[in-house]
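# Examining the three-dimensional arrangement
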Protein chains: 2
Amino acid sequence: MNVTEEYMRIDIGNSIDTVASPGISSDTLDSLDDQVAAIHSVIGPKINNNSFGYAALNILSPEELKNLCDFTESFSDFSNVLTIGIGGSALGSATLSTALGLSGHYVLDNVDPSANLTLLNNLDFTDTVINIVSLSGSTIETISNFLVVRNLMNEQNIDWTSQTFVTTSNKGPLYDLSDKYNLPLLPFSEFIPGRFSALSSVSLAPIAILGGSVEEILKGARSGLDSLSESIYSSPAYAYGAITTELFNLGIISNSLMPYSERLETFTEWFAQLWSESLGKEGIGQIPLRAMGATDQHSQLQLYRAGKRNLMVTFIDVVNHQTELTIPASEFGDFDYLSNLDLDTLLRTELQATEASLADVGCPSIRIEIDQVDSFCLGELLHGCMASCIISAELQGINGFDQPAVEWGKQALKDILTGKSSSESSSIQNKNSYWIGK
Amino acid sequence: MNVTEEYMRIDIGNSIDTVASPGISSDTLDSLDDQVAAIHSVIGPKINNNSFGYAALNILSPEELKNLCDFTESFSDFSNVLTIGIGGSALGSATLSTALGLSGHYVLDNVDPSANLTLLNNLDFTDTVINIVSLSGSTIETISNFLVVRNLMNEQNIDWTSQTFVTTSNKGPLYDLSDKYNLPLLPFSEFIPGRFSALSSVSLAPIAILGGSVEEILKGARSGLDSLSESIYSSPAYAYGAITTELFNLGIISNSLMPYSERLETFTEWFAQLWSESLGKEGIGQIPLRAMGATDQHSQLQLYRAGKRNLMVTFIDVVNHQTELTIPASEFGDFDYLSNLDLDTLLRTELQATEASLADVGCPSIRIEIDQVDSFCLGELLHGCMASCIISAELQGINGFDQPAVEWGKQALKDILTGKSSSESSSIQNKNSYWIGK
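Residues numbered from 1 in each chain as written. Chains lettered and ligands numbered in written order. Predicted model: local features only at pLDDT ≥ 70, side-chain atom pairs only at ≥ 80, totals over all residues. Heavy atoms only, no water.

This part is about the relation of the copies chain A and chain B. With an RMSD of 0.0 Å, the operation that places chain A on chain B is a rotation of 180° combined with a shift of 0.0 Å along the axis. The transformation relating the two chain copies, once decomposed into turn and shift, fits a two-fold axis. Taking C-alpha positions as the reference, the residue of chain A nearest the rotation axis is Leu-289 of chain A, at 3.2 Å. A high fraction, 100%, of the interface residues of chain A reappear at the interface in chain B, so the copies pair face to face through one surface. (Least-squares fit on C-alpha atoms with pLDDT ≥ 70 in both. Contact = heavy atoms within 4.5 Å.)

Written out as structure tokens, the structure reads:
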């Protein structure tokens, strides 16, 4: 289990047109390199200036980090954090806590009564910090879940105000709540959209409370920022964004993110949101798929290899799994080769075999390689994915930082619940049903 | 929370061409109806005769059920079952136990050393039945995990042979193992491919051991079988399979399964395998996506509504969530409409709003409605999905029961591990790498 490399790197060999079809030609790489250089010269300053959206790629200053640590310090005696948020308000911290194996982080990100009650009935509220997260402060699911939680704490005679903090912007219902009850307020920067907030205080606060090393995460993020350059030939993040975009233009309408590490399962959800909400607009958008190696070799590989050639796979290879688990020798004559094999060697070899299996039929793939699933590498990985996403939006000339298409449904929901007559609510009421089996 | 219906039903209104674009015309529905009638007259007898593959839609006989119950009876004092399997050998039982909320079911379906060790270190082996599942009896990941588990049990001086059973065919390494150690053997029917085994003894055994009602699951499956008829106008399962197939032919290359119930999360994985391995071949195959309502409205909806019109959504609406959780009244003036609202009403209204939001832009969707997530409805739902998948394969003239494209990677893995020189292993060794950042 030697770790020989330091920074995140990617292998694009299986996306080149000598292997993949469709694939990227060397002329196209040069052209992408030129385009990225031009874009970088524009967005580099925007990152430094904390311009809207681009601010996500900037790194918390030492002063901001100190403020965050001072803020979370007062909660550090609690064993649990219950994050109440949805979408980008929950996935960043959930991704980090899951990957780092931090216990005690619970997330209410749905309004499923059965799942929520099961979680809440098993939670020791006396030992739990409540972390309410919403940029607007008016997200229906988050407000609803907060009211349910507060009621339960009141019923248990727990002073909820003494162990609750609010992450929101400087106005709105949650801001008013913090004002009324004197709750600590963590500012949700209006310059960072929710799905880009994984490396901001929004997501780092629960991690700090649970004892994670925010400093190491930020060191990794800094390394990611430093790796952004004017050339895709030296910048893994920009190269990933540019190549997936070009493959999309060539008909690769779907991208399956397939880490070979169970700790990165929530990370695939975070990536799926990042990709879908940032790039899915104006009639375009590569569809993100979530897979898990090696398990999904026995589930999705058949389709990937033999289906339409409209899909790429992004493998994540973890060099060091930080756990030694060895297959003992056995009486199975046919399996002598498994004797004394480490599971991590087996897992990484499975990745190589699957990668080769796709290359064999010209299905494009990219391998992202990281040393291990630790704070530094995660900071770098998350930063790299956001930079990839931003360069992809720029190359396609779309706004990567808005999500206008979700508003219609929100309006429809609100109008139905308030009994307001509108074109949205009447669409629901006048639904064109055609039942079979009813 | 009134339950007014009994059987699974689907609403295809939002896939009809008066709403969706692309959408299904009434002429096309009639044509599909004719094709399904012809197919049903052929496969109906195959189901009854337990022909290869089609046998999955047949229901265990009373005698087979009795044999299963007799088999599992001897393990019923154990609190836990550890299922060691991968793909279809694990997903059926995992889907059922998760959806039914049965505690004590653990699954080793990957060779991730970190995740596996965490699971195994927290498991009380003295109270755990080991359930090794592999049709061929030679699945590398399953053999590897079994050897690791056996070693741990030996180290803890637990007689593993007294609490282990094997689910496999009537030959192969696991069959030999059961013979050597006199382990109880549950036959894995060679007529039922792994991904179609959710309603067979393979998946039902752990459920029975943990106290689930296998009889109710089979009653639901029987109801699903009875609903298969020569007309799509009266058969929800056939209608779902026929319409998704036709939409695929019209360019809807992806299908997002979006239940509004957290208990159905593993079910989406099961469905994804069923769809991918059965239909992804010969250059075709609709790509299954996994989503979760309402959470993914804040993650995937932007893409679904505003991206390429190449995607459909399958909503699963659960009428009765079997849990009452009410949002209390609050001081938030803007949210009066949430006061005393039940979470399940909120959740179901979110589904309706999202469905309308997609219909508004012509994105096709289908709603599957079930009464509740219980044994009966699950049996019917899983049966319906398998019947849908089979009718889809028939309509497209492909073999829904094989998965030839996974063999290449398996061979490559084995050849690399055994050091055998082959075209597969040399593809790995001679990989055309192109590193960025290394």
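For helix H9 (residues 236-249) of chain A, which comprises 14 residues, the first-to-last C-alpha distance of 20 Å matches the rise-based estimate of 20 Å (1.5 Å per residue) to within 8%. Backbone geometry just downstream of H9 of chain A places Gly-251 of chain A in the positive-phi region, at approximately 110°. (Helix = DSSP H or I, 4+ residues; strand = E, 2+ residues; numbered from the N terminus. Expected span 1.5 Å × (residues − 1).)

Attention now moves to the domain arrangement of chain A. The domain boundaries assigned to chain A delineate domain 1 (9-43 + 217-396), domain 2 (77-210) and domain 3 (406-438). The C-alpha-based centres of domain 1 of chain A and domain 3 of chain A are spaced at 39 Å. (Domains from an automatic or database assignment.)

On to the interface of chain A and chain B, then. Each partner contributes residues to the interface: chain A has 135 residues there, and chain B has 135 residues. Summed over both partners, the interface of chain A with chain B comes to about 11,400 Å²; 65% of that surface belongs to carbon and sulfur atoms. Three residues, His-298, Gln-302 and Ile-436 of chain A, lead the burial of chain A against chain B; their summed loss comes to 7% of the area buried on that side. Scanning the region where chain A abuts chain B turns up 10 salt bridges. Arg-150 of chain B is the partner of Glu-331 of chain A in a salt bridge, and the nearest nitrogen-oxygen pair spans 2.7 Å. Our count for the chain A to chain B interface comes out at 51 residue pairs in polar contact (both at pLDDT 80 or more). Per element, the largest residue contribution to the side of chain A that touches chain B is 12 residues, and it comes from helix H12 (residues 343-360) of chain A. Counted by class, the side of chain A that touches chain B contains 62 nonpolar, 45 polar and 28 charged residues. (Buried area = accessible area lost by both parts, 1.4 Å probe. Salt bridge = Lys/Arg side-chain N within 4 Å of Asp/Glu carboxyl O. Polar contact = N/O pair within 3.5 Å; in protein donor to acceptor, adjacent residues only side chain to side chain. Nonpolar A, V, L, I, M, F, W, Y, C, P; charged D, E, K, R; others polar.)

If you look at the biggest cluster of nonpolar residues, it comprises 118 residues, and the most contacted ones within it are Leu-82 and Phe-125 of chain A together with Leu-82 and Phe-125 of chain B. Filtering out sequence-adjacent residues up to four positions away, Leu-82 of chain A remains in contact with Tyr-106, Val-107, Leu-108, Leu-119, Leu-120, Leu-123, Phe-125, Thr-128, Val-129, Ile-130, Asn-131 and Val-149 of chain A. (Core = buried A, V, L, I, M, F, W, Y, C linked by side-chain atoms within 4.5 Å. Buried < 20%, exposed > 50% of the residue type's maximum accessible area, 1.4 Å probe, protein only.)

Here Ser-234 of chain A is to be found in the loop between helix H8 (214-227) and H9. Judged by relative accessible area, which is 42%, Ser-234 of chain A ranks as partly exposed. With sequence-adjacent residues up to four places away left out, Ser-234 of chain A is seen in contact with Ser-227 and Ser-229 of chain A together with Ile-436 of chain B. Within polar-contact distance, the side chain of Ser-234 of chain A engages the side chain of Ser-229 of chain A at 3.0 Å.

Our next topic: the packing of aromatic side chains. To describe a pair of aromatic rings, you give the distance between the ring centres and the angle between the ring planes. All chains considered together, the criterion is met by 34 aromatic pairs over all chains. Note on Phe-146 of chain A and Trp-160 of chain A: the rings are 5.5 Å apart at their centroids and 65° apart in plane angle, and the pair reads as edge-to-face. One end of the pair, Phe-146 of chain A, is in helix H5 (residues 140-155); the other, Trp-160 of chain A, is in the loop between H5 and strand E5 (164-168), with 14 residues separating them in the sequence. Given the relative accessible area of 6%, Trp-160 of chain A is considered buried. Consider the rings of Phe-267 of chain B and Trp-270 of chain B, whose centres lie 5.8 Å apart with planes at 25°: the pair is stacked. One end of the pair, Phe-267 of chain B, and the other, Trp-270 of chain B, are both in helix H10 (residues 265-279), three residues apart, so they sit about a helical turn from each other. We classify Phe-267 of chain B as buried; its relative accessible area is 1%. These aromatic residues form a ring-pair network of at least three members: Phe-146, Trp-160 and Tyr-181 of chain A together with Phe-332, Phe-335 and Tyr-337 of chain B. Stacked on the ring of Trp-435 of chain A, the Lys or Arg Lys-438 of chain A has its end atom at 3.9 Å from the ring centre. (Phe/Tyr/Trp six-rings, centres within 6.5 Å; stacked < 30°, edge-to-face > 60°. Lys NZ or Arg CZ within 6 Å of the ring centre and 35° of its normal.)

Inspection of the secondary structure assignment puts Ser-229 of chain B in the loop between helix H8 (214-227) and helix H9 (236-249). Ignoring any residue separated from it by four or fewer positions in sequence, one finds Ser-229 of chain B in contact with Val-36, His-40, Ser-234, Ser-235 and Tyr-238 of chain B.

Our focus in this paragraph is the sheet that holds strand E9 (residues 311-320) of chain B. If you trace the six strands from one edge of the open sheet to the other, you get E11(A)-E1(B)-E10(B)-E9(B)-E7(B)-E8(B), paired in mixed fashion. Strands at the two margins of the open sheet, each flanked by one partner only, are strand E11 (435-436) of chain A together with strand E8 (287-290) of chain B. The pairing of strand E7 (residues 254-259) of chain B with E9 of chain B spans six bridges and is parallel. Opposite Ser-254 of chain B, over in E9 of chain B, you have Leu-311 of chain B as the bridge partner. (Pairing = 2+ DSSP bridges.)

Moving on, we get to the sheet that holds strand E3 (residues 105-108) of chain A. Residues and elements named next belong to chain A. Strand order in the open sheet formed by five strands is E3-E2-E4-E5-E6, and the pairing between neighbours is parallel. Whereas interior strands pair on both sides, the edge strands pair on one side only; in this sheet they are E3 and strand E6 (185-187). Sheet twist, expressed as the mean angle between neighbouring strand axes with direction ignored, is 20°. Pairing between strand E2 (residues 80-84) and strand E4 (residues 128-133): five bridges, direction parallel. (Axes fitted to C-alpha atoms, helices over the stretch in contact; angles between N-to-C directions.)

With that settled, the discussion passes to the packing of helix H1 (residues 26-48) of chain B against helix H13 (residues 375-396) of chain B. Residue and element names in this part refer to chain B. As a packed pair, H1 and H13 sit with axes 11 Å apart at the nearest point and diverge in direction by 110°. Taken together, the axis directions place H1 and H13 in an arrangement best described as roughly perpendicular. On H13, the residues that touch Gln-35, Val-36, Ile-39 and Ile-43 of H1 are Ile-390, Ile-391, Glu-394 and Leu-395. Looking at the contact of H1 with H13, its residues break down into six nonpolar, one polar and one charged. (Parallel < 35°, antiparallel > 145°, perpendicular 65-115°, else oblique.)

Time to look at the confidence of the model for chain A. Caution applies to low-pLDDT regions: their predicted coordinates should not be interpreted in detail. When pLDDT is averaged along chain A, the result is 97; 99% of the residues meet or exceed 70. In the predicted complex, the global pTM is 0.98; the interface-specific ipTM is 0.97. (pLDDT = per-residue confidence, 0-100.)

Right, let's talk about the pairing of strand E10 (residues 365-372) of chain B for a bit. Counting buried residues along E10 of chain B, eight of its eight residues qualify, which places the element largely inside the surrounding structure. Between E9 of chain B and its parallel partner E10 of chain B, the chain crosses via helix H12 (residues 343-360) of chain B, and the hand of that crossover is right-handed. (Right-handed = clockwise from strand over helix to strand, strands pointing away.)

A complete count under the given rule lists 36 salt bridges over all chains for this structure. Note that Arg-348 of chain A is salt-bridged to Asp-317 of chain A, the shortest N-O span being 2.9 Å. With Arg-348 of chain A in helix H12 and Asp-317 of chain A in strand E9 (residues 311-320), the pair connects residues that are 31 residues apart, well separated along the chain. Judged by its relative accessible area of 2%, Asp-317 of chain A is buried. One salt bridge connects Lys-281 of chain B with Asp-402 of chain B, and the closest N-O pair in it is separated by 2.7 Å. Residue Lys-281 of chain B is found in the loop between H10 and E8, and its partner Asp-402 of chain B is found in the loop between H13 and helix H14 (407-418); the two are separated by 121 residues along the sequence. Through salt bridges with shared partners, a single network forms among Arg-9, Asp-11, Asp-317, Arg-348, Glu-355, Arg-367, Glu-369 and Asp-371 of chain A together with Lys-431 and Lys-438 of chain B.

With that settled, consider the state of the cysteines. Residues and elements named next belong to chain A. Applying the stated criterion to the full structure yields zero disulfides over all chains. Between Cys-363, a cysteine without a disulfide, and Cys-385, which holds the nearest cysteine sulfur, the sulfur-to-sulfur distance is 19 Å. With a relative accessible area of 0%, Cys-363 lands in the buried category. (Disulfide = S-S within 2.5 Å.)

Turning our attention to unusual backbone geometry. All names here are of chain B. A cis amide bond, omega 0°, links Ser-21 with the succeeding residue Pro-22. Summarising the element assignment, Pro-22 is placed in the loop between strand E1 (9-11) and H1. Residues Gly-293 and Ala-294 are joined by a peptide bond in cis, for which omega reads 0°. Positive phi outside glycine occurs at Asn-157, with the angle close to 55°. Within the secondary structure layout, Asn-157 lies in the loop between helix H5 (140-155) and strand E5 (164-168). Taking relative accessible area as the criterion, Asn-157 reaches 72% and is therefore assigned exposed. In this structure, Glu-282 takes a positive phi of about 55° despite not being glycine. On the secondary structure map, Glu-282 appears in the loop between H10 and E8. Assessed through its relative accessible area of 62%, Glu-282 is described here as exposed.

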